[in-house]
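Each chain, letter by letter, is given below.
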Amino acid sequence: MNYKEYNDYELLSYVSENHEDASNILYQKYQPFIEKLAYKLYPYVKYAGLEINDLIQEGLMGLMNAIDHFKEQKDTTFYTFAITCIKHKMISTVVATKRLKNRILNESIPIDAVADGGESYSLEYLFGDDTTNPETVLMNHEYENQMIGIAKDKLTAFESMVFDLKMSGFEYKEISEILDKEPKAVDNALQRIRSKLKEIKHQKEV
């Protein structure tokens, strides 16, 4: 069987019937994308214990998740859904690896990651809080984690990936390269994220 002879929906139908060849064909079809993304992400984690094959395996797991959870009636193609699941899985692995490395170097979560230009990139920065009072600026980790959890539920898939990468210290150019988006698209996503975070903060303070 050759994946070029079948569309994704035919293959998904065969997969639902436990047709093993169909699963292998889907893996064959999406493997080039997974490998390309793995090599793109690897430079950011090569000193943190992850190997290319680790990233590829994470990508395959993301594809498996897409196969298991895709519903054809959704307002999206399987290709778009699969690519999003693959990116989410691989990027989540990179983010988790960088967080672990940051914690080893500094006993704080990467909310304090350094932003472009060397300025502190914190949750308050996203909120748009320009106060310089340390007592006002400082947020405890429990509150930060709570706010991040609430925010992630309100972000789109793209915004969520931008948020995770930026909070892990990636620069605009790096994020745009990883996600294959223009820097302006990344900047626009961050503006939307800030607006959503401000709204969440306001709701919690009311």
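Figured I'd write up the structure that's included with this text. (Residues numbered from 1 in each chain as written. Predicted model: local features only at pLDDT ≥ 70, side-chain atom pairs only at ≥ 80, totals over all residues. Heavy atoms only, no water.)

Moving on, we come to the packing of aromatic side chains. For the structure on display, the rule yields six aromatic pairs. Considering the side-chain rings of Tyr-44 and Phe-170, the 4.9 Å spacing of their centres and the 75 degrees angle between planes classify their relative orientation as edge-to-face. Highlighted residues: Tyr-44 in the loop between α2 (20-41) and α3 (52-69) and Phe-170 in the loop between α8 (157-167) and α9 (172-179), separated in sequence by 126 residues. Tyr-44 gets classed as partly exposed once you look at its relative accessible area, which sits at 23%. Given the relative accessible area of 2%, Phe-170 is considered buried. Centroid distance Phe-70 to Phe-81: 5.6 Å. Interplanar angle 45 degrees. Geometry classified as tilted. In this pair, Phe-70 sits in the loop between α3 and α4 (78-105) while Phe-81 sits in helix α4, placing the two residues eleven residues apart along the sequence. (Phe/Tyr/Trp six-rings, centres within 6.5 Å; stacked < 30°, edge-to-face > 60°. Helix = DSSP H or I, 4+ residues; strand = E, 2+ residues; numbered from the N terminus. Buried < 20%, exposed > 50% of the residue type's maximum accessible area, 1.4 Å probe, protein only.)

Formed by 49 residues in total, the largest nonpolar core has its most connected members in Phe-78, Val-162 and Leu-179. Here the element with the most residues in this core is α4; it accounts for ten residues. Not counting the four nearest positions on each side in its chain, Leu-179 is found in contact with Lys-87, Ile-91, Phe-158, Met-161, Val-162 and Leu-165. (Core = buried A, V, L, I, M, F, W, Y, C linked by side-chain atoms within 4.5 Å. Contact = heavy atoms within 4.5 Å.)

Here α8 crosses α9 at 135 degrees, and the two axes come no closer than 10 Å. When the interaxial angle is binned, α8 and α9 end up oblique. The two elements α8 and α9 cross, and the hand of that crossing is right-handed. Within the contact between the two elements, α8 uses Phe-158, Met-161, Val-162, Leu-165 and Lys-166 and α9 uses Tyr-172, Ile-175, Ile-178 and Leu-179. In terms of residue class, the contact of α8 with α9 is built from eight nonpolar, no polar and one charged. (Axes fitted to C-alpha atoms, helices over the stretch in contact; angles between N-to-C directions. Parallel < 35°, antiparallel > 145°, perpendicular 65-115°, else oblique. Left-handed = near helix turned anticlockwise from the far one by under 90°. Nonpolar A, V, L, I, M, F, W, Y, C, P; charged D, E, K, R; others polar.)

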